[in-house]
Amino acid sequence: MMSGLKLSHIVSGAIAVLLAYTSSAAIVFQAIDTLGATQAEANSWMLVLGLGMGLSTLVLTLRYKMPILTAWSTPGAALLVISLQGVPMGEAIGAFVFCGLLLTLTGLTGWFEKISRFIPDAIGSAMLAGILFRFGLGIFASMEDNLPLVAVMCVTYLLGRRFFARFAIPSVLLAGIVFCALTGAFATGESFDLSLAQPVFTMPVFSLSALIGIALPLYIVTMSSQNMPGVVTLKAAGYQPPVSSAITVTGLATLLLAPFGGYAFNLAAITAAICAGPEADENPATRWKAAMVTGVIYCIVGLMGAAVISLFLIAPNALVVTVAGLALLNTVAGSLSAALKEVDQREAALVTFMTTVSGINFMSIGAPVWALLFGGLTSLVLTRKKDVKA
């Protein structure tokens, strides 16, 4: 297992963790602060969130030999920032436990997996391309913040793709780190306590208002905005993920870790795309090793608690955005190519892509789900019309 580990596996796994924490850790901190948690409780949240992602990723990856990554629910954390105001900690924990129960039952019943089978490949690929498209755009937007850094990384990428394609992304990351170190771009003014975090148990309290106002919305946004894109990401990469088993595992992780702050776990999409793409490994059969590396790093970061999270936050935003965007370029290109390959599905795929990129949000349901709905309806109408003409 370890003998076949490549540098690309390690780099892709590290980039996935870096992206996961830098893109959404601040939102989780806001949710924790809204509850008025103590420092010990905040460290407990970050401990179990890291361990929950790491262990569930390792279980699924090693069991199925696929790059199945899990994540905390980022839209769920954004929802909590709004809905936890004035809610006692015990009632919030009770809502997390109930959400975990709903996720587990969803996996055990298998209904979600049956629905996911009806998504056409072209529409699924278009949705994935739309989700990842903003990361590609982020490369150019970050030029306004730090043009020299982005220019160095982009030039390194082009040279890497031309002369040493296998090591292009590792070279980009190294070039970015060296440039930031030489120019003093890292925010190194703070001190860090690297002691191990300790879990803090909170007894769940179940109230009808918290179950309806917190647990149900948390479950809905996690399923629609996280699990659905996660399934599509793996399918677009050519895998047949064990959807029900994966949701059962993340549901059980939520159920067990909720009393310590693990509010919701789900299938990952964006970080999974990094480990499931060609940059992680040219051979799809061994890309799971990149996900394995991600799981191990998640566990290490989790054990260090919130102290290590701050290490991720000292990196300039342009560094994180650029390396993520460059690492996903091939995946975006492949997804767009697959989405537009079938002539009779191009319009539906284009509708799906544009809806996803738009970022619309109605009734707490994110753009990816609306994209699948609009794209599916377009495909249904136009396909039937052509069948009638034929």
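About the criteria used
- Residues numbered from 1 in each chain as written.
- Predicted model: local features only at pLDDT ≥ 70, side-chain atom pairs only at ≥ 80, totals over all residues.
- Heavy atoms only, no water.
- Helix = DSSP H or I, 4+ residues; strand = E, 2+ residues; numbered from the N terminus.
- Rg over C-alpha atoms; globule rule 2.2 N^0.38 Å.
- Contact = heavy atoms within 4.5 Å.
- Areas by Shrake-Rupley, 256 points an atom, 1.4 Å probe, with all protein chains shown as cover.
- Lys, Arg positive; Asp, Glu negative; His and termini not counted.
- Charge placed at Lys NZ, Arg CZ, Asp CG, Glu CD.
- Buried < 20%, exposed > 50% of the residue type's maximum accessible area, 1.4 Å probe, protein only.
- Patch = residues over 30% accessible without salt bridge, like charges linked within 9 Å, V, L, I, M, F, W, Y side chains within 5 Å.
- Salt bridge = Lys/Arg side-chain N within 4 Å of Asp/Glu carboxyl O.
- Axes fitted to C-alpha atoms, helices over the stretch in contact; angles between N-to-C directions.
- Parallel < 35°, antiparallel > 145°, perpendicular 65-115°, else oblique.
- Left-handed = near helix turned anticlockwise from the far one by under 90°.
- Nonpolar A, V, L, I, M, F, W, Y, C, P; charged D, E, K, R; others polar.
- Phe/Tyr/Trp six-rings, centres within 6.5 Å; stacked < 30°, edge-to-face > 60°.
- Lys NZ or Arg CZ within 6 Å of the ring centre and 35° of its normal.
- Polar contact = N/O pair within 3.5 Å; in protein donor to acceptor, adjacent residues only side chain to side chain.

## As for the overall build of the protein
Phase 1 of the analysis: Counting secondary structure elements, the protein contains 17 helices and two strands.
Phase 2 of the analysis: At 21 Å, the protein has a C-alpha radius of gyration in line with the 21 Å of a compact globule built from 390 residues.
Phase 3 of the analysis: In terms of overall dimensions, the protein has C-alpha extents of about 65 × 55 × 40 Å along its principal axes.
Phase 4 of the analysis: Across the protein, contacts joining residues at least 24 apart in sequence account for 85% of those joining residues at least 6 apart.
Phase 5 of the analysis: Carbon and sulfur atoms make up 68% of the accessible area of the protein, which amounts to about 16,700 Å² in all.
Phase 6 of the analysis: Side chains of the protein give 18 positive and 16 negative charges; the mean places of these two sets differ by 14 Å.

## Quick word on the environment of Asp 344
Phase 1 of the analysis: Along the chain, Asp 344 falls in the loop between helix H15 (329-341) and helix H16 (346-358).
Phase 2 of the analysis: The exposure class assigned to Asp 344 is partly exposed, which follows from its relative accessible area of 43%.
Phase 3 of the analysis: Spatially, the C-alpha atoms of Asp 344 and Ser 379 are 8.4 Å apart, while their sequence positions differ by 35 residues.

## Re a nonpolar patch on the surface
Phase 1 of the analysis: Residues Leu 7, Ile 10, Val 155, Leu 159, Phe 163, Phe 164 and Phe 167 make up a contiguous nonpolar surface patch of about 650 Å² in total accessible area.
Phase 2 of the analysis: Looking at the nonpolar patch, the elements with two or more residues in it are helix H1 (7-34) and helix H7 (147-163).
Phase 3 of the analysis: Ranked by residues supplied to the nonpolar patch, first place goes to H7 with three residues.
Phase 4 of the analysis: Counting through the fold element by element, Phe 163 comes out in helix H7.

## Some thoughts on the packing of helix H6 (residues 121-141) against helix H14 (residues 317-327)
Phase 1 of the analysis: Two numbers describe how H6 lies on H14: the axes approach to 8 Å, and their chain directions differ by 130°. Considered as vectors, H6 and H14 are oriented oblique to each other. For the element pair H6 and H14, the recorded crossing hand is left-handed. The segment H6 lies against H14, with Phe 135, Gly 136, Gly 138 and Ile 139 engaging Val 321, Thr 322, Ala 324, Gly 325 and Leu 326.
Phase 2 of the analysis: Classifying every residue of the contact of H6 with H14 by side-chain character gives five nonpolar, four polar and no charged.

## Overview of the packing of H6 against helix H9 (residues 208-236)
Phase 1 of the analysis: Across the interface, H6 lies against H9 with an axial gap of 9 Å and an inter-helix angle of 110°. On the basis of the axis angle, H6 is roughly perpendicular to H9. Handedness of the crossing formed by H6 with H9: left-handed. Between H6 and H9, the residues in contact are Gly 124, Ser 125, Met 127, Leu 128 and Ile 131 and Met 228, Pro 229, Val 232, Thr 233 and Ala 236, respectively.
Phase 2 of the analysis: When the residues that make up the contact of H6 with H9 are grouped by side-chain class, the tally is seven nonpolar, three polar and no charged.

## Observations concerning unusual backbone geometry
Phase 1 of the analysis: For Lys 65, which is not a glycine, the phi torsion comes out positive at approximately 50°.
Phase 2 of the analysis: Following the sequence through the fold, Lys 65 ends up in the loop between helix H2 (39-64) and strand E1 (70-72).

## Regarding the pattern of salt bridges
Phase 1 of the analysis: Evaluated as defined, the whole model comprises two salt bridges.
Phase 2 of the analysis: Among the ionic pairs, Asp 281 bridges to Lys 6, the shortest N-O distance being 3.1 Å. On the criterion of sequence distance, the pair formed by Asp 281 in the loop between helix H11 (270-276) and helix H12 (288-303) and Lys 6 in the segment before H1 is long-range, its members being 275 residues apart.
Phase 3 of the analysis: Classification of Lys 6 as partly exposed rests on a relative accessible area of 35%.
Phase 4 of the analysis: A salt bridge links Glu 279 to Arg 161; its shortest N-O distance comes to 3.6 Å.

## Describing the environment of Gln 226
Phase 1 of the analysis: The residue Gln 226 is located in helix H9 in this model.
Phase 2 of the analysis: By relative accessible area, which is 15% here, Gln 226 ends up buried.
Phase 3 of the analysis: For the pair Gln 226 and Leu 380, spaced 154 residues apart in the sequence, the C-alpha separation amounts to 25 Å.
Phase 4 of the analysis: Among residues more than four places away in sequence, those in contact with Gln 226 are Trp 72, Ser 73, Thr 74, Pro 75, Val 221, Asn 266 and Leu 267.

## Overview of the packing of aromatic side chains
Phase 1 of the analysis: Here the structure, examined in full by the defined rule, presents nine aromatic pairs.
Phase 2 of the analysis: Aromatic side chains Phe 133 and Phe 353 sit 5.3 Å apart centroid to centroid with 80° between the ring planes, which places their arrangement in the edge-to-face category. Here Phe 133 is found in helix H6, whereas its partner Phe 353 is found in helix H16, with 220 residues between them in sequence.
Phase 3 of the analysis: According to the relative accessible area criterion, Phe 133 is partly exposed, its value standing at 28%.
Phase 4 of the analysis: Judged by its relative accessible area of 14%, Phe 353 is buried.
Phase 5 of the analysis: A network of ring pairs unites the aromatic residues Tyr 21, Trp 72 and Tyr 298 as a single cluster.
Phase 6 of the analysis: One Lys or Arg, Arg 63, reaches over the ring of Tyr 64 and ends 4.7 Å from the middle of that ring.
Phase 7 of the analysis: Here Arg 162 stacks its cationic end above the ring of Phe 163, 5.2 Å away from the centre of that ring.

## Digging into the side chain of Ser 8
Phase 1 of the analysis: Mapped onto the secondary structure, Ser 8 falls in helix H1.
Phase 2 of the analysis: Separated by 2.7 Å, the side chain of Ser 8 and the backbone oxygen of Ala 280 make a polar contact.
Phase 3 of the analysis: Not counting residues within four places of it along the chain, the set of residues in contact with Ser 8 comprises Glu 279, Ala 280 and Asp 281.

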